[in-house]
Amino acid sequence: MSATTLIPRGPVTTEEQWSLPSRGKIAMYSLIIGESAIFTIFVVAYVFYIGKSLYGPTPQILEVPVLNTICLLSSSFTIWLSERALERNKMKLFGALWALTLALGAVFLVGTGFEWYDLIYHKGLTISTNLFGTTFYSLVGLHATHVVFGLIGLTTVLIFTLMGKVKEEHCERIQVLALYWHFVDAVWVVVFTVVYILGR
Amino acid sequence: MSREWLRAKYSAGVGLLLFLLLPGLAFADGPQATPNIFAPASTPASDISHLAIFALSVTAGIFVVVGGLLAFAVIRFRDRGDKSDKREPAQIYGSNQIELAWTVVPILIVVVLFLTTARMIFAIQDAPKPPHAVDVTVVGHQFWWEYRYPKLGITTANELHVPLSSDKQPQPTYLKLLSADVVHSFWVPQLAGKTDVIPNHENLTWIDPKAPGLYVGQCAQFCGIEHADMLLRVYVDTPEQFAAWVKNQQEPAVQDPTVAEGRRVFETQACMNCHTIRGTAATGRFGPDLTHLMSRETLASGVIPNTPANLRQWIENPDTFKPGALMPAMQLTDQQLDEVTAYLETLK
Amino acid sequence: MADHTLPIGGTLDVTPERLSRPTFLEWVTDWVTTVDHKKLGLMYIIYSVVFLLVGGAEAMAIRIQLMFPNSHFVAPDTYNRLFTMHGTTMVFLMGMPFLFGLANYVMPLQIGARDMAFPRLNAFSFWLTAFGGLMLYYSFIGGSGLYGVGNAPDVTWWFYAPLTSRAFSPGHGVDYWALSLIVSGIGTLGFAINTLATVFSMRCKGMTLLRMPLFSWVVTVASGLLLITITPLTAAQIMLTIDRYLGGHFFDTQAGGSAVVWMHFFWIFGHPEVYVLVFPAFAIANEVIPVFSRKAIFGYPAMVAATVGIAFISMGVWAHHMFTVGMTSVSNTFFVLSTELVGVPTGIKIFNWLATMWGGKIRFKTPMLFLTAFLFQFLIAGLTGIILSIAPFDWQLHNSYFVIAHFHYMLVGAIIFAVSGGFYYWYPKATGRMMSETIGKWHFWLFLIGFHVTFDTMHFVGLEGMPRSIYSYPADRGWQHLNVIISIGGFIQAIAMLLFAYNLIWSLRKGEVAGNDPWDAWTLEWATSSPPPVYNFAVEPEVRSRRPLWDLKHPEDPDWKYE
């Protein structure tokens with residue numbers, strides 16, 4: 001058990017530039033691919049079961065969540081702006097835009113909460129009511145869960161920003177988190193189209 | 001030396017394969033105790049066995065060529081342990097021509113196999129249904145089979161009777177497959193390939209048996225604890241036998257006053273909640289229809305012969321024969337058991 | 001052992017000499033808290049070997065039961081648990097963790113990295129996987145609420161709805177299955193992400209993607225495939241759990257739900273999963289066959305393309321598990337074609353391995369014996385796969401013992417044989433000692449004989465119409481004689497496996513000291529010491545070809561001249 005190591009050196013030292021992509025971004029892209037597969041299965045289930053409920057409320061009871069959608073989609077834009085601010089080392093601007101992103105995401109989540117409250121208590125649709133209820137709450141809920149995880153990440157960064165710990169060199173990590181947030185928004189576009197436009 | 005042995009073993013394997021298959025085909029004109037898929041007795045099964053022989057020949061050919069090359073390489077290019085020769089063999093990194101060749105040849109084989117297969121899929125699956133075909137609705141239950149003949153007004157269980165379909169007088173049977181609970185699969189290897197029996201999803205299959213007799217099979221999709229004992233029995237009757245069977249099945253149950261006590265037990269001890277005996281108050285749908293129980297050769301979905309002793313034991317405690325069967329032991333007294341057995345024994 | 005000494009030495013010893021042996025507690029803490037890819041890899045492998053023995057014991061119980069018709073060795077519900085757990089164990093707790101372990105151990109060494117991209121994620125993934133497996137086995141002793149003792153799942157490893165609903169499976173077996181595999185599935189996802197990040201971001205200088213050893217290539221493709229196959233299963237299991245705990249109706253056929261949708265979801269996972277399982281075998285073959293044939297792999301780019309091609313096609317073939325569910329003739333035809341197309345890249349692989357052996361000087365040490373048998377058996381398994389892809393024939397063969405024989409040819413004849421070869425090949429690297437060749441040869445020949453006695457025979461009992469998943473069969477079916485032969489073969493395999501386990505333990509202390517490069521191999525893991533130090537390489541290596549050690553040993557004729 002010796003700790004001695006023989007090292008092969010290449011026969012000729014390569015002078016060319018050796019650069020590899022960021023591992024954080026590769027990992028996040030991989031995660032996004034995997035998550036996309038999960039969402040695909042839920043979306044397929046939703047689409048397959050449209051109109052197959054034997055009884056109970058139908059998708060016509062849904063109201064299109066316009067405000068929610070605007071908030072969530074614009075948060076993608078604000079997070080992009082904040083990334084740029086960080087790249088240029090404008091820390092105040094970064095903090096403000098980041099907080100705005102967080103607020104927009106929170107509005108979305110609260111809006112979903114109100115929507116569900118209305119559906120459960122006034123329109124009588126729960127996850128066990130019928131196939132529509134099962135697929136609707138599962139799909140929208142799965143997305144909302146991802147928003148929650150995103151908000152936890154955003155909040156963590158915001159706390160560090162307020163503590164003055166976030167610096168320009170953290171740019172790449174922030175970008176990785178932003179990537180996730182863009183993904184959550186992109187998924188909403190799909191969910192919105194399927195649930196509120198095609199399925200209604 | 002060991003390599004040659006390995007190779008010999010494989011040639012022996014291929015020989016064994018052909019040896020086992022050919023006698024199977026030779027006997028292909030009647031029901032067998034072992035439901036060999038190479039002993040077909042109905043058009044779908046027979047078409048499949050021909051396609052199978054073709055596919056087996058093609059793959060056996062590939063095996064002989066590739067396996068032979070591999071065996072040759074193993075023998076010819078093994079290190080002979082010559083310590084004085086320390087040279088490494090010539091390093092060859094690849095060859096586009098050769099690699100192209102062994103890409104194209106498999107593609108051609110795939111095309112041939114695919115076209116043959118596609119033709120057969122359409123021929124069997126989309127075969128037009130003749131107007132005089134016998135219709136049967138098969139309902140899979142945990143762990144037994146219900147057979148309804150909608151045109152003939154018959155409901156029976158576990159033993160399917162279908163008419164012979166001779167070349168002179170073709171009479172195929174079309175089976176509509178439904179499930180009352182979980183997924184089952186209808187498989188009588190000598191008659192046709194299997195088709196799953198799925199709740200909320202109607203399936204169709206057909207058979208045209210060419211030789212009379214009893215064909216066996218069993219449920220081929222795991223459906224719960226007693227899946228293994230969900231056996232299938234298909235009786236292929238001559239037209240006369242079939243007509244007689246139909247006539248008997250259409251009658252309501254025999255009313256025999258000497259077993260009135262047994263009938264009373266049947267109608268008061270919850271038996272009737274699950275079983276139907278046409279012409280009486282018993283109209284349950286959960287268990288098999290018992291109107292003509294004595295016309296069946298077996299009990300418990302083919303697990304035991306239909307004898308009075310077996311029937312009594314079955315009623316006393318179904319778990320003796322089929323642990324996990326959904327029929328409960330009704331805790332009947334010995335006298336009640338005797339009476340209800342006597343009653344059921346009259347249901348010819 | 002090697003004839004060559006590597007001409008260049010660079011040493012770095014950063015660990016201070018230990019003065020005393022670690023106490024037991026220190027030793028445990030070291031392993032539990034480790035983030036070293038080699039230790040995690042070893043733990044994955046030990047975990048999979050343990051479950052190989054457990055799953056093997058279940059198989060033995062199954063074979064004892066099936067030796068005789070109407071057998072009462074185990075009760076029907078116990079039997080159903082045994083084969084469900086056997087399948088689940090071998091796929092999720094043995095096959096996949098073995099891939100993760102081997103990939104974890106070898107891949108960073110091969111690409112000249114010091115660890116995985118995310119060492120702590122790596123540890124997290126392992127412990128999730130381990131916890132998932134333990135939770136699944138806890139179901140054997142965990143009570144089903146207050147009214148039962150032990151409640152392992154008993155609904156086959158494909159868990160078809162609606163048998164898994166509360167109405168038909170009232171205990172908690174299904175829940176244990178769904179929850180423990182969701183947990184280990186997250187671990188799997190972590191592994192896949194980590195591997196991809198490592199491969200794309202951690203390669204040593206000069207190692208372009210097309211200079212990466214094929215082992216690492218296969219691991220990469222397997223990880224990519226895992227990303228999109230394990231996740232649909234997780235999604236389906238979440239749905240199943242919603243059905244069972246929240247009263248959902250995804251697979252509730254009484255409320256309009258569909259049993260067929262579950263089948264699709266399961267096999268969208270299930271089929272690519274089979275390729276995930278067979279990839280370690282490919283990976284091992286890609287290393288062992290060239291080294292023992294003393295030749296470079298034939299057609300490296302074609303091998304890469306074939307691997308990617310198999311992964312790609314494998315995502316479009318799932319419904320060949322569903323030829324009998326009553327799909328339209330057009331869909332059936334489509335899946336026949338896609339399935340048969342898998343044969344093309346698979347054929348390329350077999351031919352390229354064959355061409356690698358052709359003209360070589362094949363040294364039949366134990367690893368190569370196993371890999372030669374792998375090639376034979378993989379060929380047959382592939383051919384029976386072609387047979388099963390012929391939909392009408394599959395209507396007969398589906399869920400019969402022919403199918404069991406086919407996929408055990410793949411899983412045992414191809415994968416376990418290759419994996420055993422892999423053990424003999426990398427064991428010296430991980431432990432510093434060789435495995436015993438004598439026991440190894442016994443292991444090989446016994447296993448080969450037992451394997452063929454069992455699984456060659458099993459094809460025929462399937463052709464005779466014996467379905468799978470049955471705990472007994474009527475005496476008059478005529479299946480008994482073949483079943484006795486199958487069981488005897490199974491027992492021979494069990495003896496071989498026990499010899500293997502004995503060899504693993506015996507060689508740890510008594511094996512011949514291996515040295516850095518016992519097989520005279522060419523990839524970077526053989527350049528460092530055996531076992532490698534924590535940091536793998538003192539100085540980051542730099543490569544110019546696919547076989548950096550060949551270049552070192554043959555400066556007069558290096559690989560990079562030809563690539």
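Refer to the structure printed above.
Below you will find a few notes about this structure. Bear in mind that the values here come from a model prediction, so they are computed numbers and not experimental data. Residues take numbers from 1 onward in each chain, read along the sequence in its written order. Written order determines the labels here, with chains lettered from A and ligands numbered from 1. With the structure being a predicted model, the display of local features is reserved for residues of pLDDT at least 70 and the display and counting of side-chain atom pairs for 80 or more, all residues being used for whole-chain, interface and lining totals.

Looking only at helices and strands, chain B has eight helices and 12 strands in total. Here chain B has a C-alpha radius of gyration of 28 Å; the compact-globule value for 348 residues is 20 Å, and the former is much larger. Dimensions along the principal axes, computed over C-alpha positions, put chain B at roughly 100 × 50 × 35 Å. Exposure in this text rests on C-beta crowding, where 20 or more other C-beta atoms within 10 Å of a residue's own make it buried, 12 or fewer make it exposed, and counts in between make it partly exposed. The C-beta atoms are placed from the backbone. A burial count over chain B gives 43% of its 348 residues as buried. Secondary structure counts use DSSP, requiring at least four H or I residues in a row for a helix and at least two E residues in a row for a strand, with both numbered from the N terminus. Each radius of gyration is computed over the set of C-alpha atoms, and the globule rule expresses the reference value as 2.2 Å times the number of residues to the power 0.38.

Our focus in this paragraph is helix α4 (residues 119-141) of chain C. Residues and elements named next belong to chain C. Expected helix span is taken as 1.5 Å per residue step, with the number of steps being one fewer than the number of residues. Between the first and last C-alpha of α4 there are 34 Å, a value that for 23 residues agrees with the 33 Å anticipated at 1.5 Å per step. Listed in full, the buried residues belonging to α4 are N122, A123, S125, F126, L128, T129, G132, G133, L136 and S139. For every residue pair, C-beta atoms are placed from the backbone, and the pair is scored as a contact if these atoms sit within 7 Å. Packing partners of the buried residues in α4 comprise α2 (37-66), α3 (76-110) and α5 (173-201).

In this section: the packing of α5 of chain C against helix α6 (residues 214-246) of chain C. All names here are of chain C. Axis lines are fitted through C-alpha atoms, for helices just across the contact stretch, and the angle between N-to-C directions can take any value from 0 to 180 degrees. It is at 8 Å that the axes of α5 and α6 come closest, and there the two elements cross at 150°. Between α5 and α6, the angle is such that the two are roughly antiparallel. By crossing handedness, the relation of α5 to α6 is classed as left-handed. Note that the term roughly parallel is reserved for angles under 35 degrees, roughly antiparallel for angles over 145, roughly perpendicular for angles of 65 to 115, and oblique for everything else. Handedness of a helix crossing follows the sense of rotation of the near helix relative to the far helix, less than a right angle counterclockwise being left-handed and clockwise being right-handed.

This part is about unusual backbone geometry. The omega angle of the peptide bond from Q142 of chain B to F143 of chain B is 0°, so this bond is cis rather than trans. By secondary structure assignment, the location of F143 of chain B is in the loop between β1 (134-141) and β2 (144-149). Residue P531 of chain C is bonded to the preceding S530 of chain C through a cis peptide linkage, with omega at -10°. Here P531 of chain C is to be found in the loop between α14 (480-510) and α15 (548-553). Located in the positive-phi region is A270 of chain B, a residue other than glycine, with phi close to 70°. Structurally, the position occupied by A270 of chain B is in the loop between α5 (260-268) and α6 (271-274). Note on A270 of chain B: 12 C-beta atoms within 10 Å, which makes it exposed. The backbone phi angle of T156 of chain C is positive, close to 70°, even though this residue is not glycine. C-beta crowding within 10 Å serves as the criterion here: with 21 such atoms nearby, T156 of chain C is assigned to the buried category.

Attention now goes to α3 of chain C. All names here are of chain C. When the terminal C-alpha atoms of α3 are compared, their 48 Å separation across 35 residues agrees well with the 51 Å that a helix rising 1.5 Å per residue should span. The principal kink in α3, of about 40°, is found at T89. Taken across its 35 residues, α3 has 31 buried, putting it largely inside the fold. The first or second residue beyond α3 is G112, which carries a positive phi of 70°. Bend at a residue means the angle formed by two fitted axes: the first through the 7 residues ending at that position, the second through the 7 residues beginning there.

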